[in-house]
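# Remarks on the overall topology
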Amino acid sequence: MDRLREEKIQKFEEFVDRRLKPDLVRAIAERDKVFEQQKVFSDLRKNLENLEKNSITSLRSMVNLGSEVYAQAEVPDTRHIFVDVGLGFHVELTWSEALKIIPAREERLARQIEEYTRLIAQIKAQIKMVSQGIRELLQLPEE
């Protein structure tokens with residue numbers, strides 16, 4: 001009977017280590033990516049509102065070319081911008097058009113964050129449940 005219990009414990013531990021923990025790490029990483037996208041759109045909205053409020057039609061900026069290498073860029077006409085609308089497509093929009101699209105995108109990203117947060121909570125609950133099962137098999141007192 002002892003050997004059977006040890007085999008069950010080992011299977012539960014393997015399930016946690018090989019399935020649940022990697023799933024948890026993956027879900028957290030995906031949620032972090034969505035958080036980054038949400039921040040980009042929030043920053044874009046704020047920048048567009050500032051450009052519109054201050055009536056700025058041209059600007060100079062430093063652009064990251066990659067590997068922290070920057071180049072000075074001059075934008076002669078800021079009234080039109082290109083916005084990533086998904087699936088690799090970028091659409092040229094005016095400030096007001098972009099400001100209409102951004103809230104919908106922010107809402108979708110917020111829903112994705114909620115979904116990932118629920119998934120993370122479910123995985124953590126499963127880990128806790130399996131750990132409780134292991135504890136019972138080992139006949140250890142609850143923490």
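This report concerns the structure included in the present document.

Conventions and cut-offs
- Residues numbered from 1 in each chain as written.
- Predicted model: local features only at pLDDT ≥ 70, side-chain atom pairs only at ≥ 80, totals over all residues.
- Heavy atoms only, no water.
- Core = buried A, V, L, I, M, F, W, Y, C linked by side-chain atoms within 4.5 Å.
- Buried < 20%, exposed > 50% of the residue type's maximum accessible area, 1.4 Å probe, protein only.
- Helix = DSSP H or I, 4+ residues; strand = E, 2+ residues; numbered from the N terminus.
- Contact = heavy atoms within 4.5 Å.
- Patch = residues over 30% accessible without salt bridge, like charges linked within 9 Å, V, L, I, M, F, W, Y side chains within 5 Å.
- Areas by Shrake-Rupley, 256 points an atom, 1.4 Å probe, with all protein chains shown as cover.
- Salt bridge = Lys/Arg side-chain N within 4 Å of Asp/Glu carboxyl O.
- Pairing = 2+ DSSP bridges.

Turning our attention to the nonpolar core. In this structure, Phe41, Leu48, Ile81, Val83, Trp95 and Ala98 are the most contacted members of the largest nonpolar core, which totals 13 residues. Considering every element that reaches this core, the biggest residue donor is helix H2 (residues 95-138), with 6 residues. With sequence-adjacent residues up to four places away left out, Leu48 is seen in contact with Ile81, Trp95, Ala98, Leu99 and Ile102. Ile9, Leu20, Leu24 and Ile120 belong to the second largest nonpolar core, which has 11 residues in total.

A few words on a nonpolar patch on the surface. The grouping of Val85, Leu87, Phe89 and Val91 at the surface amounts to a nonpolar patch, some 420 Å² of accessible area in total. Relative to the helices and strands, Phe89 resides in strand S4 (residues 89-94). Owing to a relative accessible area of 56%, Phe89 belongs among the exposed residues under this scheme.

Attention shifts here to the environment of Arg26. Note that Arg26 resides in helix H1 (residues 2-54). Arg26 gets classed as partly exposed once you look at its relative accessible area, which sits at 48%. C-alpha separation for the pair Arg26 and Ile120, spaced 94 residues apart in sequence, amounts to 9.4 Å.

What follows concerns the pairing of strand S3 (residues 80-86). Where S3 lies against S4, 6 bridges are found, and the strand directions are antiparallel. Directly across from Val83, in S4, lies its bridge partner Val91. Two successive antiparallel strands, S3 and S4, enclose a turn made up of 2 residues, where Leu87 displays a positive phi of approximately 55°.

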